[in-house]
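# Geometric and topological summary
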Amino acid sequence: MISVIIVSYNTCEILKNCLDALFEYSKGIDMEVFVVDNDSHDGSADMVKNNFPSVLLLVNKENLGFAAANNQAFILAKGNYIILLNPDAFIRPSSLEQCVAFMDRTPRCGLCGGKIISPAGLLEPSARRFPSALSKLLALSGLRGKFPQSAILNYYEFGGFAHDRPQEVDWVPGTFTIVRKQLLDEIGFFDERFFIYYEETDLCMRAKKAGWQIFFIPDAEVTHIGGASSKTRKDKSFDNKAAQILTFRMRSEWLYYRKNKGLAGLLSSAGVEFLWYVVRFTKNFLFPFGEASYKRSAAVSIIKQIITSLRDTKFGSFSPPIPW
């Protein structure tokens, strides 16, 4: 048996499409499906109850976050393998079979992720190395985006890797992941201090430290919309791709660095981002051309959020009370 876990927050229509695709392309597979609803207000829970009676529905009265919601289902899951699937990710044919087959023949693989495809048919980053201050600088400077095929400038996302064969990696996005139950029994579930973002990176770090392997596999695919749940938060500001809530990303990032790389690691990552936007503000103050006013304002906003998130997390040593 495999256990599929979907955590939903205000994604009713997208969630229905996700479940339709899941059941369409899992015929003949011994499978149980959990949907954990994180206090949605758009009828998501009722939709699941009415349209998918075989789904095991867990309804939370407050938004517990991604890590804690998955952990609720981890406790109940009976499968040898657990599939984590975002509600805005749609399984493609044979993906589940390919995941299970790879895990069966790779006993030291504790967790693997498949190929993530955008609605336009483009490959999204699906294999990554652990984040660092250098990888952040390359992203902020735009060098990583300008040279995506560079093995040096896009080292973080395996630049130049054709995504056409299995590849051992540091971590894979939680968008579509298969986890060996034995791994969770050995190292524990998600760290619930991460409300959203970085929980899968932290889990992969712990798995690596325990001697497990993490893989990307090309034969399992999902179509991914991206940021569907986050975009329902109209009260928050987002990154430049409108996929992640900035304050939440920063909080989780500081928690991750403090936990896994100590205070020095936290200061290096936060420092790079802080100094980048100080320089950006200064440049557009001294040379006010084009959209300089907007760029100055945006830089100030991000600097304030860096400072606030560092204060909120006590420099990565404290997770603010939920819901964030």
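Before any of the text, the structure's been laid out above.
Residues numbered from 1 in each chain as written. Predicted model: local features only at pLDDT ≥ 70, side-chain atom pairs only at ≥ 80, totals over all residues. Heavy atoms only, no water.

### A short note on the packing of aromatic side chains
Scanning all chains against the criterion turns up 13 aromatic pairs. Taken together, a centroid distance of 5.7 Å and an interplanar angle of 35 degrees make the contact between Phe74 and Phe190 tilted. Here the residue Phe74 occupies a position in helix α3 (residues 66–76), and Phe190 occupies one in the loop between α7 (181–187) and α8 (199–209), the gap between them amounting to 116 residues. Taking relative accessible area as the criterion, Phe74 reaches 1% and is therefore assigned buried. Note that Arg108 overlies the ring of Trp212, its terminal NZ or CZ placed 4.1 Å from the centroid. In this arrangement the basic side chain of Arg129 is found over the ring face of Tyr155, its NZ or CZ atom lying 3.8 Å from the centre. (Phe/Tyr/Trp six-rings, centres within 6.5 Å; stacked < 30°, edge-to-face > 60°. Helix = DSSP H or I, 4+ residues; strand = E, 2+ residues; numbered from the N terminus. Buried < 20%, exposed > 50% of the residue type's maximum accessible area, 1.4 Å probe, protein only. Lys NZ or Arg CZ within 6 Å of the ring centre and 35° of its normal.)

### A short note on the pairing of strand β4 (residues 81–85)
Buried residues dominate β4, accounting for five of its five residues. Alternating positions in β4 separate into two faces, Tyr81, Ile83 and Leu85 on one and Ile82 and Leu84 on the other, with burial throughout. In this structure, strand β1 (residues 2–8) lies alongside β4, joined through four bridges in parallel fashion. Its bridge partner lying in β4, Val4 is registered against Ile83. The pairing of β4 with strand β8 (residues 176–180) spans five bridges and is classified as antiparallel. If you follow Ile83 over to β8, its bridge partner there is Ile178. (Pairing = 2+ DSSP bridges.)

### Quick look at empty space enclosed by the protein
Counted according to the given criterion, the structure contains one cavity of 30 Å³ or more. When its volume is computed, the largest cavity comes out at roughly 30 Å³. As for the largest cavity, its lining consists of Leu84, Leu111, Val172, Pro173, Gly174, Thr177, Phe190, Glu200, Leu203 and Cys204. It is α8 that contributes the most residues to the lining of the largest cavity, three residues altogether. Of the residues contributing to the lining of the largest cavity, the split by class is seven nonpolar, two polar and one charged. (1 Å grid on protein atoms, 1.4 Å probe; cavity = no way out; pocket = protein on both sides within 12 Å on 5 of 7 lines; lining within 4 Å. Points joined across faces, edges and corners; volume = space filled by probe spheres on them. Nonpolar A, V, L, I, M, F, W, Y, C, P; charged D, E, K, R; others polar.)

### What about α8?
The buried fraction of α8 is high, at nine of 11 residues. All buried positions along α8 are accounted for by Glu199, Glu200, Thr201, Asp202, Leu203, Cys204, Met205, Arg206 and Ala207. Among the structural elements, α3, β6 (109–117), α7, β9 (213–224) and α9 (246–286) are those in contact with the buried residues of α8. Of the residues one or two after α8, Gly211 is the one with positive phi, at around 95 degrees. (Contact = heavy atoms within 4.5 Å.)

### Examining α9
Over its 41 residues, α9 runs only 27 Å from end to end, short of the ideal 60 Å by more than 12%, given 1.5 Å per residue. Along α9, the largest kink reaches about 140 degrees and is centred on Lys261. (Expected span 1.5 Å × (residues − 1). Bend = angle between axes of the 7 residues up to and from the residue.)

### A word on the packing of helix α5 (residues 133–140) against α9
With their axes 9 Å apart at the nearest point, α5 and α9 run at an angle of 35 degrees to one another. Taken as a pair, α5 and α9 cross one another with a handedness that is right-handed. Note on element contacts: α9 touches α5 through Arg249, Glu253, Trp254, Tyr257, Ser268, Ser269, Val272, Glu273, Trp276 and Tyr277, opposite Ala133, Lys136, Leu137 and Leu140. Partitioned by chemical class, the residues of the contact of α5 with α9 number eight nonpolar, two polar and four charged. (Axes fitted to C-alpha atoms, helices over the stretch in contact; angles between N-to-C directions. Left-handed = near helix turned anticlockwise from the far one by under 90°.)

Worth remembering: the numbers are spatial, not functional.
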